[in-house]
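An overview of the molecular structure
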Amino acid sequence: MTVLTCASTGKSITLLGEPIADSGEGKVWRTNHNGYLAKIYHSQTPERVQKLAVMIAHRPKEPNSHLNHISFAWPKSVLKDAQGDCVGFLMPEIKEAKELIDVYNPSKRKALKLDIDWRFLHTTALNIASIIEAIHISGYILGDIKQQNILVNDRALPSIIDTDSFQVRNPVNGKIYRCPVGSPDYTPPELIDKDFFSIDQTEVHDRFRLAVIIYQLLFGETPFGGKWIGAGATPETNELIRRGLWLYAPNSLFQPVERTIPLEIVHPEVQRCFLRCFNDGYKNPNSRPTAGDWVKALRLAVNELSICGKLDSHYYSRTYGKCYWCDRSTKLGTDIFPGFVRPKQAAVTVSTSPFKTFAKDTALASIMRYTRLKYKSF
């Protein structure tokens, strides 16, 4: 049994059982303090200790405290061993949430019997963008944005984990503590094959990663896929990103496959954000939509979603004009948003009234008034 000391309170923290997660940097343990986990590093460095101190002293404002939700698993306190050395930190535990891939991947949703529809996915995307906007406003760069680092609960509220990998700037002296890790498939073209230990990243780099996450949520797969019509075998995803090759690139070397969900079914403003990121942003990274731009576009998109006249589980954009999911399930013989058949006389359109207060409230508050009623438990 390992007993550590919480630096901020002086209380003893006991590590329980076996590690629940193990990464290249350290292991994560449950503790005797309900609702809190401990991350214990394999090896500690003065740089890491300083970075933790800055994060603990300058925590971003929690945008969802009014919803009793944890938007990011932020370090709460340094943990010290018997010699008084910093060995890790205490952080809140994110409970009753699924990894992002379990939410957006149709096969995983089916296997886990998750009651999720396209509106839930839009709402999740909007909430992720809102949280990342709040983090950027606080001066932090996420760096390693990927599906494994985002958990989602049954209210479509996301939580970002592995926050100690963020790039941190000390607001007092300007010193930057870099994000030393990156993930293939989410790295912007200008950073591929770069040494993250020697690069000061910017919010512009996060914009690319955010767009990939949102695409995965709305379309169920990576934007860098389809039927390859170029010479030779399909390049690895990082090579595709380096070359700016995705399904809707100018002179694309990809073609849609039968299961491909077309870009045209989402709201036009969301379409424009994807094109700005992956086409305009390939030549000029500053052209990529900010997290705030995504919030605005996704607000519009959510407001323009209508419920299908046949299935309660089908939502489609009014700008598209018809239920894409009914057409797709008829064509492919499978429905990625299965539900029950509604009586013909009961066909209605979901009211957008829960969203009318967007101008006065935050996007998250307005959305979640709806999702608390709409979405069932995982």
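A brief structural summary. (Residues numbered from 1 in each chain as written. Predicted model: local features only at pLDDT ≥ 70, side-chain atom pairs only at ≥ 80, totals over all residues. Heavy atoms only, no water.)

Looking now at the side chain of Thr163. Summarising the element assignment, Thr163 is placed in the loop between β9 (158-160) and β10 (168-169). Classification of Thr163 as buried rests on a relative accessible area of 1%. In terms of polar contacts, Thr163 uses its side chain to reach the backbone carbonyl oxygen of Ala73, at 2.8 Å. In this structure, Thr163 is in contact with Met55, Phe72, Ala73, Trp74 and Pro75, ignoring residues within four places of it in sequence. (Helix = DSSP H or I, 4+ residues; strand = E, 2+ residues; numbered from the N terminus. Buried < 20%, exposed > 50% of the residue type's maximum accessible area, 1.4 Å probe, protein only. Polar contact = N/O pair within 3.5 Å; in protein donor to acceptor, adjacent residues only side chain to side chain. Contact = heavy atoms within 4.5 Å.)

The next subject is the sheet that holds strand β7 (residues 98-99). Strand order in the open sheet formed by three strands is β7-β8-β9, with antiparallel pairing between adjacent strands. Two strands in the sheet have a free side with no partner beyond their single neighbour: β7 and β9. In this structure, β7 lies alongside strand β8 (residues 150-152), joined through two bridges in antiparallel fashion. When the bridges of β8 are listed, Lys98 appears paired with Val152. (Pairing = 2+ DSSP bridges.)

Turning next to the nonpolar core. Counting residues in each nonpolar core, the largest one holds 78 residues, and the members touching the most others are Trp118, Phe274 and Trp294. Among the nonpolar cores identified, the runner-up in size contains ten residues, and Cys6, Leu15, Trp29 and Leu79 belong to it. (Core = buried A, V, L, I, M, F, W, Y, C linked by side-chain atoms within 4.5 Å.)

Moving on, we come to the packing of helix α5 (residues 203-219) against helix α8 (residues 291-303). Across the interface, α5 lies against α8 with an axial gap of 11 Å and an inter-helix angle of 25 degrees. Viewed along their axes, α5 and α8 adopt a mutual orientation that is roughly parallel. For α5 against α8, the interelement crossing comes out right-handed. Only Ala291, Trp294 and Leu298 of α8 make contact with α5, whose side of the interface consists of Leu210, Ala211, Ile214 and Leu218. Within the contact of α5 with α8, the residues separate by chemical class into seven nonpolar, no polar and no charged. (Axes fitted to C-alpha atoms, helices over the stretch in contact; angles between N-to-C directions. Parallel < 35°, antiparallel > 145°, perpendicular 65-115°, else oblique. Left-handed = near helix turned anticlockwise from the far one by under 90°. Nonpolar A, V, L, I, M, F, W, Y, C, P; charged D, E, K, R; others polar.)

Here we come to the packing of aromatic side chains. Applying the stated criterion to the full structure yields 20 aromatic pairs. An angle of 55 degrees between the planes, with centres 4.9 Å apart, marks the rings of Trp246 and Phe278 as tilted. Of this pair, Trp246 sits in the loop between α6 (237-242) and β13 (254-255) while Phe278 sits in helix α7 (residues 268-283); the two residues are 32 residues apart in sequence, bridging distant segments of the chain. Each residue in the set Phe208, Tyr215, Phe219, Phe224, Trp246, Tyr248, Phe274, Phe278 and Trp294 is aromatic and connected to the rest through ring pairs, giving one cluster. Residue placement shows Arg48 over the ring face of Tyr41; its charged tip is 4.2 Å from the ring centre. The lysine or arginine in question, Lys175, covers the ring of Tyr177, its NZ or CZ lying 5.1 Å from the ring centre. (Phe/Tyr/Trp six-rings, centres within 6.5 Å; stacked < 30°, edge-to-face > 60°. Lys NZ or Arg CZ within 6 Å of the ring centre and 35° of its normal.)

It is worth spelling out empty space enclosed by the protein at this point. This structure, assessed with the given rule, holds four cavities of 30 Å³ or more. Every residue lining the largest cavity is listed: Pro189, Phe208, Phe224, Ile241, Gly244, Trp246, Cys277, Phe278, Gly281, Tyr282 and Arg288. Broken down by element, the lining of the largest cavity gets its largest block of residues, four residues, from α7. Looking at the lining of the largest cavity, its residues break down into eight nonpolar, two polar and one charged. (1 Å grid on protein atoms, 1.4 Å probe; cavity = no way out; pocket = protein on both sides within 12 Å on 5 of 7 lines; lining within 4 Å. Points joined across faces, edges and corners; volume = space filled by probe spheres on them.)

Here we take up the pattern of salt bridges. Counted under the stated rule, the structure contains 18 salt bridges. Between Glu47 and Lys175 there is a salt bridge, with its nearest N and O atoms 3.8 Å apart. One end of the pair, Glu47, is in helix α1 (residues 46-57); the other, Lys175, is in the loop between β10 and β11 (176-177), with 128 residues separating them in the sequence. Accessibility expressed as a relative area gives 37% for Glu47, which makes it partly exposed. Given a relative accessible area of 32%, Lys175 falls into the partly exposed group. As a salt-bridge pair, Glu190 and Arg288 come within 2.8 Å of each other at their nearest N and O atoms. On the criterion of sequence distance, the pair formed by Glu190 in the loop between β11 and α5 and Arg288 in the loop between α7 and α8 is long-range, its members being 98 residues apart. Look at Glu190 and you get partly exposed, because its relative accessible area is 27%. We classify Arg288 as buried; its relative accessible area is 1%. Bridged by salt links that share partners, the residues Glu25, Lys39, Arg48, Asp162 and Asp164 form one connected network. (Salt bridge = Lys/Arg side-chain N within 4 Å of Asp/Glu carboxyl O.)

With antiparallel pairing, the six strands of this closed barrel are ordered in space as β1-β2-β3-β4-β6-β5. The sheet shows a mean angle of 45 degrees between the axes of neighbouring strands, direction not considered. Strand direction decides the pairing type here: strand β4 (residues 36-41) and strand β6 (residues 86-92), joined by five bridges, are antiparallel. Each residue of the ladder has a partner; that of Tyr36, found in β6, is Pro92. Against the sheet, α1 engages β4, β5 (77-80) and β6, with an angle of about 30 degrees to β6.

Here four bridges tie strand β1 (residues 2-6) to strand β2 (residues 12-22), and the two strands are oriented antiparallel to one another. By the bridge assignment for β2, Thr2 is matched with Leu15. Hairpin connection, β1 to β2: the antiparallel pair is bridged by five residues, and Gly10 has positive phi, about 80 degrees. In this sheet, strand β3 (residues 26-31) lies alongside β2 in antiparallel orientation, the contact comprising four bridges. Note on β3: the bridge partner recorded for Leu15 is Thr31. Joining the antiparallel neighbours β2 and β3 is a turn of three residues.

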